[in-house]
Amino acid sequence: MKNDKTNVMRLLDEWGIEYEHFAYNPELVNAVEVAKACKQEPEAVFKTLVTVGKTGEHYVFMIPSNGELDLKKAAKIAGEKAIEMIPQKQLLPLTGYIHGGCSPIGMKKQFKTFTDETVILFDKICFSGGRVGYQVMMSPDSLIKAVNPKLADLTK
């Protein structure tokens, strides 16, 4: 399983961005459990959340696995009156990813992406490799090169 390439990994290879990848038990769905399975600190493993604003625009937020997205902060940073999580059933048709396998890299459309400012505290961070059971690890600079997120205080 560790040698399987996901679309995320293929894109990173194509872009010349260095990364490592981990395979874990795909039955784990809690981001903190995934961090433990990959032997990483929960603060350095980021989950990818997809939201929709009052205007109908979609936004992607990456926050530490042990954090909770502050929807008021998210709305303010996105320039929206309000933001809410999209219903889980909309995730696959909108992004091409399923719950637990959503990555900021390789979505059907590149949405405005925001990453919690704590990302810069780490030499390497992990996030979904684009399929349940896979994580990729890279430097924050490489993440910025790949998805050009805006850094902000996003958690409660």
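The structure we're discussing is the one just above.
Calculation notes
- Residues numbered from 1 in each chain as written.
- Predicted model: local features only at pLDDT ≥ 70, side-chain atom pairs only at ≥ 80, totals over all residues.
- Heavy atoms only, no water.
- Phe/Tyr/Trp six-rings, centres within 6.5 Å; stacked < 30°, edge-to-face > 60°.
- Helix = DSSP H or I, 4+ residues; strand = E, 2+ residues; numbered from the N terminus.
- Buried < 20%, exposed > 50% of the residue type's maximum accessible area, 1.4 Å probe, protein only.
- Lys NZ or Arg CZ within 6 Å of the ring centre and 35° of its normal.

Asks: How should the packing of aromatic side chains be read in this particular structure?
Replies: Pairs of aromatic rings are described using the distance from one ring centre to the other and the angle between the two planes. Scanning the entire structure with this criterion turns up 2 aromatic pairs. Between Tyr59 and Phe114, the ring centres sit 6.2 Å apart and the planes meet at 50°, which makes this aromatic pair tilted. Of this pair, Tyr59 sits in strand β3 (residues 58-64) while Phe114 is found in strand β5 (residues 112-116), placing the two residues 55 residues apart along the sequence. On the basis of relative accessibility, which here comes to 4%, the residue Tyr59 falls in the buried class. A relative accessible area of 4% means that Phe114 is categorised as buried. Centre to centre, the rings of Phe61 and Phe114 are 5.1 Å apart; their planes meet at 15°, and the pair counts as stacked. Residue Phe61 is located in strand β3, and its partner Phe114 is located in strand β5; the two are separated by 53 residues in the primary sequence. In terms of burial, Phe61 and Phe114 fall into one category: buried. The structure contains a cluster of three or more aromatic residues connected by ring pairs, namely Tyr59, Phe61 and Phe114. For Arg131, the ring lying beneath its charged end belongs to Tyr134, and the centroid distance is 5.0 Å.

None of the figures reported here should be taken as evidence of function without further support.
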